[in-house]
Amino acid sequence: MRIRRVVTGHDARGRARVVDDRDVEPITSELMPGCAFFRLWGRDERPAFPDDGSPRPAEAWYPPREGSRFMINTVPPGELVPPPDLDTAAALEELERRMPGAMAANEPGTPGTHTTDTLDYVLVVAGEVTLELDDGERTVLRAGDVVVQNGTRHAWHNHGTEPCTIVGVAIGADRIRPA
């Protein structure tokens, strides 16, 4: 899949300009064969305008409290089974370099299950995907369906026959922890 990102900003007089126009390369890993993660934009602070449209700091995969992330993810159908001869430690190290903190949010022993301190707006644009919540509650989503993910524990599984593509915006949030 080709993803082109066009970014606007303001020039010195405050006029709108296209400041960047390029393809975004996907992040892939043999740990999750067939998956592709496109990190389109992110920032760790609230925006203030006018600005020049240049990228802002956004190191971690998931945003902090004042931050946001914009991404497109493709999930292939079936189980994600890495090759048997994969150097798992090296693959995890590479993913941490390319998607800092993403794997740490995943629960051990429950593939793909994670909880983040974010409000996520998700749109399914192709295929179908199953959203799995606590206690095995499942909801099948198809192209055109949206999810508002309110910081809940969840996983995405593609039980269909075609790859599923989802577009997401994650906005950093506070989590109030019980005493």
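In this text, all values refer to a predicted model and were calculated from it rather than measured experimentally.

**Q** Honestly, the packing of aromatic side chains in this entry has me stumped. Any pointers?
**A** Two numbers describe a pair of aromatic rings. These are the distance of the centres and the angle of the planes. On inspection of all chains with the given rule, the structure shows one aromatic pair. With centroids separated by 6.5 Å and ring planes inclined at 90 degrees, the aromatic side chains of Phe-37 and Trp-61 adopt a geometry described as edge-to-face. On the criterion of sequence distance, the pair formed by Phe-37 in strand E3 (residues 36-43) and Trp-61 in the loop between E3 and strand E4 (68-75) is long-range, its members being 24 residues apart. Its relative accessible area of 14% is what places Phe-37 among the buried residues.

**Q** I would appreciate a short explanation of the sheet that holds strand E7 (residues 138-142) in the present structure.
**A** Neighbouring strands of a sheet are bound in pairs by backbone hydrogen bonds; such pairs are parallel or else antiparallel. Pairing is antiparallel across the open sheet formed by three strands, whose spatial order is E7-E6-E9. If you trace the sheet from one side to the other, it starts and ends with E7 and strand E9 (155-157), each paired once. Neighbouring strand axes in the sheet, compared pairwise and without regard to direction, differ in orientation by 30 degrees on average. Sheet topology places strand E6 (residues 128-132) next to E9; three bridges connect them, and they run antiparallel. Bridge assignment links Glu-132 to a residue of E9, and that residue is Ala-155.

**Q** Help me out: how do you make sense of the state of the cysteines in this one?
**A** Considering all chains together, one arrives at zero disulfides under this definition. Cys-35 forms no disulfide, and the closest cysteine sulfur to it belongs to Cys-164, at a distance of 10 Å. Note on Cys-35: relative accessible area 7%, which makes it buried.

**Q** Hey, could you run me through the pairing of E4 in this one?
**A** Looking down a regular strand, the side chains alternate between one sheet face and the other. Counted residue by residue, E4 has six buried out of eight residues, so it is predominantly covered. As paired elements, E3 and E4 share seven bridges and run antiparallel to each other. Directly across from Arg-39, in E4, lies its bridge partner Met-71. Relative to strand E10 (residues 164-172), E4 is paired through eight bridges, and the arrangement is antiparallel. Within the sheet, the bridge partner assigned to Arg-69 lies in E10 and is Ala-170.

**Q** Where do I start with the pattern of salt bridges in this structure?
**A** Oppositely charged side chains can form a pair if their charged atoms are brought close together. Within this structure, the stated rule accounts for 18 salt bridges. Between Arg-153 and Glu-107 there is a salt bridge, and its shortest N-O distance comes to 2.6 Å. Taken as a pair, Arg-153 in the loop between strand E8 (146-150) and E9 and Glu-107 in the loop between helix H1 (88-98) and strand E5 (118-126) lie far apart in primary sequence, 46 residues in all. With relative accessibility at 29%, the residue Arg-153 sits in the partly exposed group. We classify Glu-107 as partly exposed; its relative accessible area is 26%. Of the charged contacts, one joins Arg-138 and Glu-132 as a salt bridge, the two residues approaching to 3.5 Å between their closest N and O atoms. Salt bridges sharing common partners tie together Arg-43, Glu-45, Asp-51, Asp-52 and Arg-56.

About the criteria used
Residues numbered from 1 in each chain as written. Predicted model: local features only at pLDDT ≥ 70, side-chain atom pairs only at ≥ 80, totals over all residues. Heavy atoms only, no water. Phe/Tyr/Trp six-rings, centres within 6.5 Å; stacked < 30°, edge-to-face > 60°. Helix = DSSP H or I, 4+ residues; strand = E, 2+ residues; numbered from the N terminus. Buried < 20%, exposed > 50% of the residue type's maximum accessible area, 1.4 Å probe, protein only. Pairing = 2+ DSSP bridges. Axes fitted to C-alpha atoms, helices over the stretch in contact; angles between N-to-C directions. Disulfide = S-S within 2.5 Å. Salt bridge = Lys/Arg side-chain N within 4 Å of Asp/Glu carboxyl O.

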